[in-house]
Amino acid sequence: EPEVTQTPSHQVTQMGQEVILRCVPISNHLYFYWYRQILGQKVEFLVSFYNNEISEKSEIFDDQFSVERPDGSNFTLKIRSTKLEDSAMYFCASRAGVGFGEQFFGPGTRLTVL
Amino acid sequence: AQTVTQSQPEMSVQEAETVTLSCTYDTSESDYYLFWYKQPPSRQMILVIRQEAYKQQNATENRFSVNFQKAAKSFSLKISDSQLGDAAMYFCAYRSVNFGNEKLTFGTGTRLTIIP
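Summary of the structure given here. (Residues numbered from 1 in each chain as written. Chains lettered and ligands numbered in written order. Predicted model: local features only at pLDDT ≥ 70, side-chain atom pairs only at ≥ 80, totals over all residues. Heavy atoms only, no water.)

### Comments concerning the environment of Leu21 of chain B
All names here are of chain B.
Next up, step 1: Relative to the elements of secondary structure, Leu21 occurs in strand S3 (residues 19-21).
Next up, step 2: Leu21 sits in the buried class, given a relative accessible area of 0%.
Next up, step 3: With 15 residues separating them along the chain, Leu21 and Gln6 place their C-alpha atoms 8.2 Å apart.
Next up, step 4: Every residue in contact with Leu21, bar those within four places of it in the chain, is listed here: Gln8, Met11, Trp36, Ser76, Leu77, Tyr90 and Thr110. (Helix = DSSP H or I, 4+ residues; strand = E, 2+ residues; numbered from the N terminus. Buried < 20%, exposed > 50% of the residue type's maximum accessible area, 1.4 Å probe, protein only. Contact = heavy atoms within 4.5 Å.)

Here's what the structure looks like:
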């Protein structure tokens, strides 16, 4: 069964460093998402991406964040200068098409900012 | 903006018994989708069940069923014959049908413990 994959599973970085979180969505999916979950809290939407551009973003997704689909298979989330409060689990999700389509989630990347 | 509220931070149930998790939401939209996701200790988000708001019939998936009350904006999850593997965080989520606004809005979750 096709699945969304994410790498790395755990990333530790120093405050102020740039990190890139990688996701490989399900191959025929068209809509891509990033969510984050700070430990013990609810899952929060960051950004959605369709047709090579951002379709929606939350207040959390400020200028420090960017997304890219560089090669037609990977979908990346970049944090330019990490802060302590960026420590969280980051989930990638993808969806096939319009209508009642399930968002399939990846296993997540745990980001720890020291 | 839509909001989702789960008023039960924790619930527990005896194995083989039935438990109901509550969820309410607020929206001005007339059509939308509702979901229940399960997050086991591995933290992977797994879809349990989904409901389209225009459908009056409650969704059912094996031991999982929902009680969807559109007028009351209530969407509860019933788990029958609870099993040890059901232990997890359960999140209720809302999604608009409008293109460009397809994010999932999650509640704060309910931690379900299964007592052997």
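### Focus on the sheet that holds strand S1 (residues 5-7) of chain A
Residue and element names in this part refer to chain A.
Next up, step 1: In spatial order, the strands read S1-S3-S8-S7; together these 4 strands make up an open sheet with antiparallel pairing. For this open sheet the edge positions go to S1 and strand S7 (65-68), each flanked by a neighbour on one side alone. Taken pair by pair, the neighbouring strands of this sheet meet at an average axis angle of 20°, ignoring direction. (Pairing = 2+ DSSP bridges. Axes fitted to C-alpha atoms, helices over the stretch in contact; angles between N-to-C directions.)

### A closer look at the packing of aromatic side chains
Next up, step 1: This model, assessed by the stated rule, comprises 20 aromatic pairs over all chains.
Next up, step 2: Here Phe91 of chain A and Phe105 of chain A contribute two aromatic rings whose centre-to-centre distance is 6.3 Å and whose plane-to-plane angle is 80°, an arrangement assigned as edge-to-face. Taken together, the positions of Phe91 of chain A in strand S9 (residues 88-95) and Phe105 of chain A in strand S10 (residues 104-105) put the pair 14 residues apart, joining distant regions of the chain.
Next up, step 3: A residue is classified by how much of its surface remains accessible, and Phe91 of chain A, at 0% relative accessible area, is buried.
Next up, step 4: With 6.3 Å between their ring centres and 70° between their planes, Phe105 of chain A and Phe106 of chain B make a pair best called edge-to-face. Note that Phe105 of chain A is positioned in strand S10 and Phe106 of chain B in strand S11 (residues 104-106), a pairing that runs across two chains.
Next up, step 5: Using a relative accessible area of 1% as the deciding quantity, one classes Phe106 of chain B as buried.
Next up, step 6: These aromatic residues form a ring-pair network of at least three members: Tyr33, Tyr35, Phe45, Phe91 and Phe105 of chain A together with Phe35, Tyr37, Phe91 and Phe106 of chain B.
Next up, step 7: One residue, Arg95 of chain A, lies across the ring of Tyr31 of chain A, its end atom 4.4 Å from the ring centre. (Phe/Tyr/Trp six-rings, centres within 6.5 Å; stacked < 30°, edge-to-face > 60°. Lys NZ or Arg CZ within 6 Å of the ring centre and 35° of its normal.)

That is the geometry; function is a separate question.
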